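Chains, contacts and geometry: an overview
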Amino acid sequence: MTTEAARPGDDPHRLLSNARQLARRVRKDQRATWFPLLVFAALTFLAIPVRRYSGHHLTCRSLPEGPVCVAYTNADLVYWPIALVLAYVAIATFYIRRSRARGVGTRTRPYAIAGVVIAAALSAVAFWEFRHPPLGPGPFNVQGLTYRLASPGTAIGLALLVLVWAERNRALLVLAVAYLAVVLVPITFGRQQVDPPWYDLPAVSQGTVLLLGAIAFALAQRPLRSPSP
Amino acid sequence: MTGHPANGLDDTVHQRVRLGILTITHEAGQVEFGYLRSNLEVTAGNLSQHLGVLEGAGLVTIEKGYAGRRARTWISLTKAGHTALANEIAQLKLLISQVETTEQGSGPAAAGDG
(Lines give C-alpha, C1' and ligand atoms only; values in the text may rest on other atoms or scores of the structure.)
Protein backbone atom coordinates (compact mmCIF):
# COMPACT_ATOMS: atom_id res chain seq x y z
CA MET A 1 0.00 0.00 0.00
CA THR A 2 2.81 2.38 0.78
CA THR A 3 5.94 3.11 -1.16
CA GLU A 4 7.53 5.07 1.67
CA ALA A 5 10.30 3.50 3.69
CA ALA A 6 9.27 2.50 7.21
CA ARG A 7 10.48 4.92 9.87
CA PRO A 8 11.34 3.95 13.43
CA GLY A 9 8.53 6.18 14.71
CA ASP A 10 6.00 4.18 12.70
CA ASP A 11 6.92 0.87 14.38
CA PRO A 12 3.57 -0.73 15.48
CA HIS A 13 4.72 -1.30 19.07
CA ARG A 14 5.89 2.28 19.42
CA LEU A 15 2.81 3.74 17.71
CA LEU A 16 0.47 1.79 19.96
CA SER A 17 2.34 2.57 23.15
CA ASN A 18 2.57 6.24 22.12
CA ALA A 19 -1.19 6.32 21.51
CA ARG A 20 -1.87 4.77 24.91
CA GLN A 21 0.46 7.23 26.60
CA LEU A 22 -1.26 10.19 24.92
CA ALA A 23 -4.71 8.89 25.89
CA ARG A 24 -3.56 8.55 29.52
CA ARG A 25 -2.15 12.09 29.49
CA VAL A 26 -5.43 13.52 28.15
CA ARG A 27 -7.40 11.68 30.85
CA LYS A 28 -5.07 13.08 33.53
CA ASP A 29 -5.45 16.60 32.13
CA GLN A 30 -9.24 16.24 32.11
CA ARG A 31 -9.39 15.23 35.77
CA ALA A 32 -10.39 17.66 38.48
CA THR A 33 -11.52 15.10 41.04
CA TRP A 34 -10.97 17.39 44.01
CA PHE A 35 -13.71 19.80 42.95
CA PRO A 36 -16.75 17.47 43.06
CA LEU A 37 -15.42 15.97 46.32
CA LEU A 38 -15.10 19.46 47.82
CA VAL A 39 -18.61 20.43 46.65
CA PHE A 40 -20.16 17.26 48.10
CA ALA A 41 -18.22 17.69 51.36
CA ALA A 42 -19.48 21.30 51.66
CA LEU A 43 -23.08 20.18 50.99
CA THR A 44 -22.77 17.42 53.60
CA PHE A 45 -21.47 19.79 56.29
CA LEU A 46 -24.03 22.47 55.36
CA ALA A 47 -26.80 19.87 55.71
CA ILE A 48 -26.01 19.57 59.46
CA PRO A 49 -27.37 23.01 60.51
CA VAL A 50 -30.09 22.80 57.85
CA ARG A 51 -31.20 19.46 59.29
CA ARG A 52 -31.08 20.77 62.84
CA TYR A 53 -32.74 24.15 62.41
CA SER A 54 -35.12 23.67 59.47
CA GLY A 55 -38.71 22.54 59.91
CA HIS A 56 -39.75 18.95 60.49
CA HIS A 57 -42.59 16.87 59.10
CA LEU A 58 -44.11 14.12 61.19
CA THR A 59 -45.76 11.15 59.59
CA CYS A 60 -47.40 8.40 61.69
CA ARG A 61 -48.81 4.95 61.07
CA SER A 62 -51.08 2.96 63.37
CA LEU A 63 -49.77 -0.50 64.20
CA PRO A 64 -51.15 -3.16 66.56
CA GLU A 65 -48.30 -2.30 68.99
CA GLY A 66 -49.25 1.38 68.88
CA PRO A 67 -48.60 4.34 66.57
CA VAL A 68 -45.21 4.66 64.93
CA CYS A 69 -44.12 8.17 63.94
CA VAL A 70 -41.16 9.21 61.84
CA ALA A 71 -39.87 12.77 61.62
CA TYR A 72 -38.50 14.09 58.33
CA THR A 73 -36.65 17.35 58.12
CA ASN A 74 -36.76 19.85 55.32
CA ALA A 75 -33.17 18.81 54.68
CA ASP A 76 -34.44 15.43 53.44
CA LEU A 77 -37.35 16.72 51.40
CA VAL A 78 -36.19 20.14 50.17
CA TYR A 79 -32.49 20.83 50.81
CA TRP A 80 -30.91 17.71 49.31
CA PRO A 81 -32.83 17.49 46.00
CA ILE A 82 -32.13 21.18 45.28
CA ALA A 83 -28.55 21.05 46.57
CA LEU A 84 -27.70 17.96 44.49
CA VAL A 85 -29.04 19.48 41.25
CA LEU A 86 -27.14 22.74 41.93
CA ALA A 87 -24.01 20.73 42.74
CA TYR A 88 -24.16 18.90 39.41
CA VAL A 89 -24.66 22.19 37.55
CA ALA A 90 -21.66 23.71 39.40
CA ILE A 91 -19.48 20.63 38.78
CA ALA A 92 -20.39 20.42 35.07
CA THR A 93 -19.77 24.18 34.62
CA PHE A 94 -16.43 23.95 36.42
CA TYR A 95 -15.27 20.99 34.29
CA ILE A 96 -16.30 22.71 31.04
CA ARG A 97 -14.63 26.05 31.90
CA ARG A 98 -11.46 24.40 33.19
CA SER A 99 -11.10 22.08 30.22
CA ARG A 100 -11.74 24.91 27.74
CA ALA A 101 -9.01 26.94 29.46
CA ARG A 102 -6.63 23.98 29.16
CA GLY A 103 -7.47 23.42 25.51
CA VAL A 104 -8.91 19.97 25.94
CA GLY A 105 -12.58 18.99 25.89
CA THR A 106 -14.33 16.91 28.49
CA ARG A 107 -17.41 14.73 28.45
CA THR A 108 -19.68 16.16 31.13
CA ARG A 109 -23.00 15.18 29.59
CA PRO A 110 -23.12 11.59 30.98
CA TYR A 111 -22.17 12.90 34.42
CA ALA A 112 -24.78 15.67 34.36
CA ILE A 113 -27.51 13.30 33.11
CA ALA A 114 -26.63 10.68 35.76
CA GLY A 115 -26.61 13.40 38.42
CA VAL A 116 -30.07 14.69 37.53
CA VAL A 117 -31.44 11.11 37.38
CA ILE A 118 -29.95 10.33 40.83
CA ALA A 119 -31.33 13.57 42.31
CA ALA A 120 -34.79 12.87 40.83
CA ALA A 121 -34.73 9.27 42.12
CA LEU A 122 -33.67 10.47 45.58
CA SER A 123 -36.53 13.00 45.68
CA ALA A 124 -39.03 10.33 44.59
CA VAL A 125 -37.78 7.89 47.25
CA ALA A 126 -37.75 10.60 49.97
CA PHE A 127 -41.35 11.51 49.10
CA TRP A 128 -42.37 7.82 49.04
CA GLU A 129 -40.74 7.24 52.43
CA PHE A 130 -42.53 10.27 53.80
CA ARG A 131 -45.84 8.72 52.75
CA HIS A 132 -44.80 5.19 53.81
CA PRO A 133 -42.57 5.53 56.87
CA PRO A 134 -40.31 2.63 57.90
CA LEU A 135 -41.90 0.51 60.64
CA GLY A 136 -38.79 0.09 62.76
CA PRO A 137 -36.24 2.76 63.63
CA GLY A 138 -33.34 0.31 64.22
CA PRO A 139 -30.34 1.06 62.03
CA PHE A 140 -29.50 -2.62 61.54
CA ASN A 141 -32.86 -3.89 60.34
CA VAL A 142 -33.78 -4.27 56.72
CA GLN A 143 -35.80 -1.08 56.59
CA GLY A 144 -33.00 0.85 58.23
CA LEU A 145 -30.77 -0.30 55.39
CA THR A 146 -33.41 0.69 52.86
CA TYR A 147 -33.51 4.13 54.45
CA ARG A 148 -29.73 4.46 54.17
CA LEU A 149 -29.78 3.19 50.58
CA ALA A 150 -32.17 6.02 49.73
CA SER A 151 -30.14 8.61 51.62
CA PRO A 152 -28.31 11.63 50.14
CA GLY A 153 -25.06 9.86 51.10
CA THR A 154 -25.87 7.02 48.71
CA ALA A 155 -26.78 9.54 46.00
CA ILE A 156 -23.35 11.15 46.44
CA GLY A 157 -21.69 7.71 46.42
CA LEU A 158 -23.46 6.80 43.16
CA ALA A 159 -22.44 10.16 41.69
CA LEU A 160 -18.83 9.37 42.63
CA LEU A 161 -19.10 5.99 40.87
CA VAL A 162 -20.33 7.77 37.73
CA LEU A 163 -17.33 10.09 38.07
CA VAL A 164 -15.06 7.02 38.39
CA TRP A 165 -16.43 5.83 35.06
CA ALA A 166 -16.23 9.27 33.40
CA GLU A 167 -12.65 9.92 34.60
CA ARG A 168 -11.54 6.24 34.50
CA ASN A 169 -9.98 6.95 37.86
CA ARG A 170 -9.06 3.91 39.98
CA ALA A 171 -8.00 5.95 43.00
CA LEU A 172 -11.44 7.56 43.05
CA LEU A 173 -13.02 4.09 42.91
CA VAL A 174 -11.24 3.21 46.16
CA LEU A 175 -12.50 6.42 47.77
CA ALA A 176 -16.06 5.93 46.45
CA VAL A 177 -16.20 2.38 47.87
CA ALA A 178 -14.82 3.57 51.23
CA TYR A 179 -17.33 6.41 51.27
CA LEU A 180 -20.26 4.09 50.45
CA ALA A 181 -19.11 1.79 53.27
CA VAL A 182 -19.24 4.77 55.68
CA VAL A 183 -22.72 5.65 54.37
CA LEU A 184 -24.19 2.15 54.46
CA VAL A 185 -22.59 0.88 57.68
CA PRO A 186 -24.01 2.97 60.52
CA ILE A 187 -21.47 4.48 62.93
CA THR A 188 -23.37 4.82 66.19
CA PHE A 189 -21.03 3.31 68.81
CA GLY A 190 -24.04 1.30 69.96
CA ARG A 191 -26.23 4.36 70.53
CA GLN A 192 -29.38 5.44 68.75
CA GLN A 193 -28.60 7.83 65.92
CA VAL A 194 -31.34 10.18 67.09
CA ASP A 195 -29.59 11.02 70.38
CA PRO A 196 -28.35 14.62 70.15
CA PRO A 197 -24.55 14.24 70.17
CA TRP A 198 -24.74 11.26 67.81
CA TYR A 199 -27.41 12.68 65.53
CA ASP A 200 -24.88 14.44 63.31
CA LEU A 201 -22.18 11.77 63.47
CA PRO A 202 -23.03 10.12 60.10
CA ALA A 203 -22.98 13.49 58.32
CA VAL A 204 -19.72 14.49 60.04
CA SER A 205 -18.01 11.18 59.16
CA GLN A 206 -19.27 11.26 55.55
CA GLY A 207 -18.28 14.91 55.12
CA THR A 208 -14.85 14.21 56.59
CA VAL A 209 -14.20 11.33 54.16
CA LEU A 210 -15.17 13.59 51.24
CA LEU A 211 -13.09 16.52 52.49
CA LEU A 212 -10.00 14.37 53.09
CA GLY A 213 -10.50 12.88 49.62
CA ALA A 214 -10.74 16.37 48.10
CA ILE A 215 -7.50 17.45 49.83
CA ALA A 216 -5.69 14.24 48.78
CA PHE A 217 -6.77 14.54 45.14
CA ALA A 218 -5.95 18.28 45.06
CA LEU A 219 -2.43 17.50 46.28
CA ALA A 220 -2.02 14.51 43.95
CA GLN A 221 -3.27 16.40 40.88
CA ARG A 222 -1.41 19.63 41.68
CA PRO A 223 1.85 18.79 39.82
CA LEU A 224 -0.18 18.09 36.68
CA ARG A 225 -1.51 21.65 36.68
CA SER A 226 1.57 23.04 35.03
CA PRO A 227 1.50 26.73 34.15
CA SER A 228 0.95 27.45 30.47
CA PRO A 229 4.07 28.71 28.69
CA MET B 1 -6.12 -7.06 -0.43
CA THR B 2 -4.30 -9.99 1.19
CA GLY B 3 -4.96 -11.21 4.73
CA HIS B 4 -1.80 -9.65 6.16
CA PRO B 5 -2.74 -6.94 8.72
CA ALA B 6 -0.10 -4.57 7.33
CA ASN B 7 -2.27 -4.28 4.23
CA GLY B 8 -5.12 -2.97 6.35
CA LEU B 9 -3.08 0.00 7.58
CA ASP B 10 -4.20 3.35 6.25
CA ASP B 11 -1.28 5.57 5.18
CA THR B 12 -3.16 8.68 6.28
CA VAL B 13 -3.43 7.43 9.85
CA HIS B 14 -0.37 5.20 10.12
CA GLN B 15 1.98 7.99 11.13
CA ARG B 16 3.09 9.06 14.62
CA VAL B 17 1.79 12.64 14.62
CA ARG B 18 -1.46 11.93 12.77
CA LEU B 19 -2.24 8.92 14.96
CA GLY B 20 -1.45 11.13 17.97
CA ILE B 21 -3.86 13.82 16.75
CA LEU B 22 -6.63 11.26 16.29
CA THR B 23 -5.95 9.62 19.68
CA ILE B 24 -5.93 12.88 21.64
CA THR B 25 -9.00 14.23 19.84
CA HIS B 26 -10.89 10.97 20.34
CA GLU B 27 -10.12 11.00 24.06
CA ALA B 28 -10.88 14.70 24.54
CA GLY B 29 -13.87 15.07 22.21
CA GLN B 30 -12.54 18.45 21.14
CA VAL B 31 -9.00 19.73 21.42
CA GLU B 32 -7.24 23.05 20.95
CA PHE B 33 -4.36 23.49 18.48
CA GLY B 34 -1.90 24.56 21.21
CA TYR B 35 -2.67 21.48 23.32
CA LEU B 36 -1.91 19.21 20.35
CA ARG B 37 1.30 21.09 19.56
CA SER B 38 2.68 20.84 23.09
CA ASN B 39 1.67 17.21 23.64
CA LEU B 40 2.88 15.97 20.26
CA GLU B 41 6.04 18.11 20.46
CA VAL B 42 5.85 19.41 16.92
CA THR B 43 6.10 22.88 15.42
CA ALA B 44 2.97 24.82 14.51
CA GLY B 45 3.77 24.51 10.80
CA ASN B 46 4.29 20.77 11.00
CA LEU B 47 1.07 20.29 12.96
CA SER B 48 -0.85 22.41 10.46
CA GLN B 49 0.40 20.20 7.63
CA HIS B 50 -0.71 17.02 9.38
CA LEU B 51 -4.08 18.56 10.26
CA GLY B 52 -4.48 19.55 6.61
CA VAL B 53 -3.93 15.93 5.54
CA LEU B 54 -6.47 14.65 8.10
CA GLU B 55 -9.00 17.36 7.20
CA GLY B 56 -8.53 16.60 3.49
CA ALA B 57 -9.27 12.94 4.21
CA GLY B 58 -12.44 13.94 6.09
CA LEU B 59 -11.18 12.58 9.41
CA VAL B 60 -11.20 15.83 11.41
CA THR B 61 -13.04 19.13 11.37
CA ILE B 62 -11.24 22.35 12.22
CA GLU B 63 -13.11 25.22 13.80
CA LYS B 64 -11.64 28.65 14.41
CA GLY B 65 -12.97 30.90 17.13
CA TYR B 66 -12.06 33.32 19.87
CA ALA B 67 -11.67 32.98 23.62
CA GLY B 68 -11.87 36.63 24.62
CA ARG B 69 -9.38 38.34 22.30
CA ARG B 70 -7.33 35.21 21.78
CA ALA B 71 -7.79 33.30 18.53
CA ARG B 72 -8.26 29.60 19.09
CA THR B 73 -8.49 26.64 16.76
CA TRP B 74 -10.47 23.63 17.88
CA ILE B 75 -10.20 20.20 16.30
CA SER B 76 -12.86 17.47 16.47
CA LEU B 77 -13.07 14.00 14.97
CA THR B 78 -15.63 13.19 12.30
CA LYS B 79 -17.43 9.85 12.30
CA ALA B 80 -14.94 8.67 9.66
CA GLY B 81 -12.13 9.80 11.98
CA HIS B 82 -13.43 7.66 14.85
CA THR B 83 -13.73 4.69 12.50
CA ALA B 84 -10.25 5.24 11.04
CA LEU B 85 -8.70 5.40 14.52
CA ALA B 86 -10.50 2.25 15.66
CA ASN B 87 -9.36 0.44 12.48
CA GLU B 88 -5.76 1.57 12.90
CA ILE B 89 -5.61 0.46 16.55
CA ALA B 90 -7.20 -2.89 15.66
CA GLN B 91 -4.74 -3.41 12.78
CA LEU B 92 -1.76 -2.47 14.96
CA LYS B 93 -2.85 -4.93 17.66
CA LEU B 94 -3.37 -7.63 15.04
CA LEU B 95 0.01 -6.94 13.48
CA ILE B 96 1.76 -7.09 16.86
CA SER B 97 -0.03 -10.28 17.88
CA GLN B 98 0.85 -11.94 14.53
CA VAL B 99 4.50 -10.94 14.89
CA GLU B 100 4.55 -12.23 18.47
CA THR B 101 2.88 -15.50 17.43
CA THR B 102 5.43 -15.95 14.65
CA GLU B 103 8.28 -15.21 17.05
CA GLN B 104 6.91 -17.67 19.63
CA GLY B 105 6.44 -20.31 16.91
CA SER B 106 10.00 -19.95 15.70
CA GLY B 107 11.39 -19.35 19.20
CA PRO B 108 12.03 -22.95 20.39
CA ALA B 109 13.54 -23.93 17.03
CA ALA B 110 15.82 -20.92 17.07
CA ALA B 111 16.71 -21.52 20.68
CA GLY B 112 17.36 -25.16 20.01
CA ASP B 113 17.39 -27.47 22.99
CA GLY B 114 19.44 -25.13 25.05
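Everything in this summary refers to the structure shown in the same document. All figures in this text were calculated on a predicted structure; none of them were measured in a lab. (Residues numbered from 1 in each chain as written. Chains lettered and ligands numbered in written order. Predicted model: local features only at pLDDT ≥ 70, side-chain atom pairs only at ≥ 80, totals over all residues. Heavy atoms only, no water.)

1. Structural notes on the environment of Q30 of chain B
- Tracing the backbone shows Q30 of chain B in strand 1 (residues 30-32).
- Residue class for Q30 of chain B comes out partly exposed when judged on its relative accessible area of 21%.
- For the pair formed by Q30 of chain B and L47 of chain B, sequence separation is 17 residues and the distance between their alpha carbons is 16 Å.
- Look past the residues within four positions of Q30 of chain B in its chain and what remains in contact with it is R100, V104 and G105 of chain A together with T25, E63, W74, I75 and S76 of chain B. (Helix = DSSP H or I, 4+ residues; strand = E, 2+ residues; numbered from the N terminus. Buried < 20%, exposed > 50% of the residue type's maximum accessible area, 1.4 Å probe, protein only. Contact = heavy atoms within 4.5 Å.)

2. Side note on the interface of chain A and chain B
- On the side of chain B, 29 residues touch chain A, which itself brings 28 residues to the contact.
- In total, about 2400 Å² of surface goes out of reach between chain A and chain B, with carbon and sulfur atoms giving 57% of it.
- Linking chain A with chain B are 2 salt bridges, by the criterion used here.
- Viewed at the interface, chain B and chain A are joined by 10 residue pairs in polar contact (both at pLDDT 80 or more).
- Mapped by element, the contributors of at least two residues to the side of chain A that touches chain B are helix 1 (12-30) and helix 3 (74-102) of chain A.
- Considering every element that reaches the side of chain A that touches chain B, the biggest residue donor is helix 1 of chain A, with 14 residues.
- Of the residues that constitute the side of chain A that touches chain B, the class distribution is 10 nonpolar, 8 polar and 10 charged. (Buried area = accessible area lost by both parts, 1.4 Å probe. Salt bridge = Lys/Arg side-chain N within 4 Å of Asp/Glu carboxyl O. Polar contact = N/O pair within 3.5 Å; in protein donor to acceptor, adjacent residues only side chain to side chain. Nonpolar A, V, L, I, M, F, W, Y, C, P; charged D, E, K, R; others polar.)

3. Points about the pattern of salt bridges
- Using the criterion set out here, one finds 3 salt bridges over all chains in the structure.
- Across the pair R102 of chain A and D29 of chain A runs a salt bridge, and its minimum N-O distance is 3.8 Å. With a gap of 73 residues between them, R102 of chain A in helix 3 and D29 of chain A in helix 1 connect regions that are remote in the sequence.
- Using a relative accessible area of 24% as the deciding quantity, one classes R102 of chain A as partly exposed.
- A relative accessible area of 13% places D29 of chain A in the buried class.
- Ionic pairing is found between E27 of chain B and R168 of chain A, a salt bridge with its closest N-O pair at 3.2 Å. Of this pair, E27 of chain B sits in helix 1 (residues 16-28) while R168 of chain A sits in the loop between helix 6 (152-167) and helix 7 (170-184), which puts the two residues in different chains.
- With a relative accessible area of 6%, E27 of chain B lands in the buried category.
- On the accessibility criterion, R168 of chain A (46% relative accessible area) is partly exposed.
- The structure contains a network of salt bridges with shared partners spanning R27 and R168 of chain A together with E27 of chain B.

4. Brief notes about the nonpolar core
- In terms of nonpolar packing, the biggest core is built from 38 residues, with F40 and L84 of chain A touching the most fellow members.
- The biggest single contributor to this core is helix 3 of chain A, with 9 residues.
- Ignoring sequence-local partners within four residues, the contact set of L84 of chain A consists of F40, A119, L122, A155 and I156 of chain A.
- Counting 33 residues, the second largest nonpolar core, distinct from the first, contains L19, V42, L47 and A84 of chain B. (Core = buried A, V, L, I, M, F, W, Y, C linked by side-chain atoms within 4.5 Å.)

5. Describing the pairing of strand 2 (residues 60-67) of chain B
Residues and elements named next belong to chain B.
- Bridge count between strand 2 and strand 3 (residues 70-77): 8 bridges; the pairing is antiparallel. The residue of strand 3 that forms the bridge with V60 is L77.
- The turn joining strand 2 and strand 3, which pair antiparallel and follow one another in sequence, is formed by 2 residues; a positive phi near 70° is taken by G68. (Pairing = 2+ DSSP bridges.)

6. Describing the packing of aromatic side chains
- Taken as a whole and judged by the stated rule, the model has 6 aromatic pairs over all chains.
- Taken together, a centroid distance of 5.3 Å and an interplanar angle of 75° make the contact between Y79 of chain A and W80 of chain A edge-to-face.
- Look at Y79 of chain A and you get buried, because its relative accessible area is 14%.
- Its guanidinium or amino end placed over the ring of W74 of chain B, R100 of chain A lies 4.1 Å from that ring's centre, counting from NZ or CZ. (Phe/Tyr/Trp six-rings, centres within 6.5 Å; stacked < 30°, edge-to-face > 60°. Lys NZ or Arg CZ within 6 Å of the ring centre and 35° of its normal.)

7. Let's talk about the pairing of strand 3 of chain B
Residues and elements named next belong to chain B.
- When you tally the buried positions in strand 3, you get 6 out of 8 residues, the bulk of the element.
- By the bridge criterion, 3 bridges tie strand 1 to strand 3 in an arrangement that is antiparallel. Residue pairing for strand 3: E32 is matched across the bridge by W74.

8. So, a positive patch on the surface
- On the surface, a cluster of positive charge is contributed by R20, R24 and K28 of chain A together with K93 of chain B.
- The greatest single-element share of the positive patch, amounting to 3 residues, is contributed by helix 1 of chain A. (Patch = residues over 30% accessible without salt bridge, like charges linked within 9 Å, V, L, I, M, F, W, Y side chains within 5 Å. Areas by Shrake-Rupley, 256 points an atom, 1.4 Å probe, with all protein chains shown as cover. Lys, Arg positive; Asp, Glu negative; His and termini not counted. Charge placed at Lys NZ, Arg CZ, Asp CG, Glu CD.)

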